[in-house]
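Residues per chain, in single letters:
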Amino acid sequence: MKYLRLILLTACMITALAVAAEPADPVISSIQTAYQQAKESSKKNKGMGNEMVTTLNYTVHKNGKTTETLHFFYNTVRGTYWLAEGDDRDPHFNYYPLYFVTRNYNIGKKKYYEEFLYDANQRLIFALTQDYDENGKRFDRRFYFQDGSIYHVIGPEPTPFMVDNVIYQANELRLAFDWIIRNPKE
């Protein structure tokens, strides 16, 4: 019995060393670095002005009341519009590139959490979603994107619909942020 444990322990160590020896994927490494920077920046920026928090209360059919909190983190960049003839916009404006969004919400008694990370061109590069399996156990799924397409997923294999839904949600959150930040009085 001792020898079997020793053999299993040795096999596990060899497997761990082999996995650790594999070169890191440069796309995933760069996204993970950007993600860590966004998480650190979002912690530093809380209450500093480069964030916007929106809370929504609504009812989900057959599941009851839901509270959803969206936390948008952005940078402020000074810019200039290219004015067309008849354009009445102010030629000087602040541009707010969104870089990170967190979303907390519940459906019934189940709580969900999501994160969306955008690159400098406002394209989705990473998403974290939390969901429940058929036994009610919560799990994470991490989506890595390159050039607007899915590159890699860590967690249970998603269906194409799930991937499309994550991309759709990320785009809708980005558009909602753009609309809110440009129309603060409405």
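Residues numbered from 1 in each chain as written. Predicted model: local features only at pLDDT ≥ 70, side-chain atom pairs only at ≥ 80, totals over all residues. Heavy atoms only, no water.

Colleague: Tell me about the pairing of strand S5 (residues 98-107), and name the residues and values.
Modeller: Among the 10 residues in S5, 8 count as buried, and that is most of the element. Relative to S5, strand S2 (residues 64-74) runs antiparallel, the two being bridged by 7 bridges. Within S5, the residue paired with Thr69 across the bridge is Asn104. Two strands pair when backbone bridges link them, and S5 and strand S6 (residues 110-118) are joined in this way by 8 bridges, in the antiparallel orientation. Counted as the bridge partner of Ile107 is Lys110 from S6. In this structure, the hairpin formed by S5 and S6 is closed by a connection of 2 residues, where Gly108 is found at a positive phi of approximately 65°. (Buried < 20%, exposed > 50% of the residue type's maximum accessible area, 1.4 Å probe, protein only. Helix = DSSP H or I, 4+ residues; strand = E, 2+ residues; numbered from the N terminus. Pairing = 2+ DSSP bridges.)

Colleague: A description of the sheet that holds strand S9 (residues 149-154) should follow, citing residues and the corresponding values.
Modeller: Sheets are built from strands that pair by backbone hydrogen bonding, the pairs being arranged parallel or antiparallel. One open sheet accounts for 7 strands, arranged S1-S2-S5-S6-S7-S8-S9; its pairing is antiparallel. In this open sheet, the two strands that pair with only one neighbour each are strand S1 (51-60) and S9. In this sheet, adjacent strand axes meet at a mean angle of 15° when their direction is disregarded. The pairing of strand S8 (residues 138-146) with S9 spans 5 bridges and is antiparallel. Paired with Phe145 across the bridge in S9 is Ile150. (Axes fitted to C-alpha atoms, helices over the stretch in contact; angles between N-to-C directions.)

Colleague: I'd love a proper account of the packing of aromatic side chains, names of residues and values included.
Modeller: Applying the stated criterion across every chain, the model contains 9 aromatic pairs. Both rings, one in Tyr35 and one in Phe126, keep their centres 4.7 Å apart while their planes meet at 55°; by these two values the pair is tilted. Here Tyr35, found in helix H2 (residues 26-45), pairs with Phe126, found in strand S7 (residues 124-132); they are 91 residues apart in sequence, far enough to count as distant. For the pair Tyr35 and Phe126, one class covers both residues: buried. Three or more aromatic residues link up through ring pairs in this structure, and these residues are Tyr35, Phe73, Phe100, Phe126 and Tyr144. Sitting over the ring of Tyr105, Arg103 keeps its end group 4.3 Å from the ring centre. (Phe/Tyr/Trp six-rings, centres within 6.5 Å; stacked < 30°, edge-to-face > 60°. Lys NZ or Arg CZ within 6 Å of the ring centre and 35° of its normal.)

Colleague: How would you summarise the nonpolar core if you had to cite specific residues and measurements?
Modeller: A general trend in soluble globular proteins is that nonpolar side chains are found buried together. Ranked by size, the top nonpolar core spans 20 residues in total, and within it Phe72, Phe116 and Phe177 carry the most contacts. Put simply, the parts of the chain that give this core at least two residues each are S2, S5, S6, S7, S8 and helix H3 (160-182). Per-element accounting of this core gives the leading share, 6 residues, to H3. Excluding residues within four positions of it along the chain, Phe116 makes contact with Tyr99, Phe100, Val101, Leu124, Phe126, Ala127, Val166, Gln169, Ala170 and Leu173. (Core = buried A, V, L, I, M, F, W, Y, C linked by side-chain atoms within 4.5 Å. Contact = heavy atoms within 4.5 Å.)

Colleague: Which residues make up the side chain of Arg103, and what are the values?
Modeller: Along the polypeptide, Arg103 turns up in strand S5. According to the relative accessible area criterion, Arg103 is buried, its value standing at 14%. Side-chain polar atoms of Arg103 contact the side chain of Glu68, separated by 2.6 Å. In this structure the side chain of Arg103 is engaged in a polar contact, spanning 2.6 Å, whose partner is the side chain of Gln169. Here Arg103 is in contact with Glu68, Thr69, Leu70, Tyr112, Tyr113, Glu114 and Gln169, once residues within four sequence places are set aside. (Polar contact = N/O pair within 3.5 Å; in protein donor to acceptor, adjacent residues only side chain to side chain.)

Colleague: Got a sec to walk through the pairing of S6? Specific residues and values, please.
Modeller: For S6, the tally of buried residues reaches 7 of 9 residues, placing the bulk of the element in the interior. With 5 bridges connecting them, S6 and S7 associate as antiparallel partners. Residue pairing for S7: Leu117 is matched across the bridge by Phe126. Adjacent in sequence and paired antiparallel, S6 and S7 are bridged by 5 residues, among which Gln122 carries a positive phi angle near 65°.

Colleague: For the pattern of salt bridges, give the residues involved together with the corresponding values.
Modeller: Across all of its chains, the model carries 5 salt bridges by this definition. Arg123 serves as the salt-bridge partner of Asp119, at 3.1 Å between the closest nitrogen and oxygen. By relative accessible area, Asp119 is classed as buried at 18%. Linking Asp178 and Arg174 is a salt bridge whose minimum nitrogen-to-oxygen distance equals 4.0 Å. One end of the pair is Asp178 and the other is Arg174, both in helix H3 and 4 residues apart, which spans about a single turn. On the basis of relative accessibility, which here comes to 18%, the residue Arg174 falls in the buried class. (Salt bridge = Lys/Arg side-chain N within 4 Å of Asp/Glu carboxyl O.)

Read these as layout, nothing more, since geometry by itself doesn't imply function.
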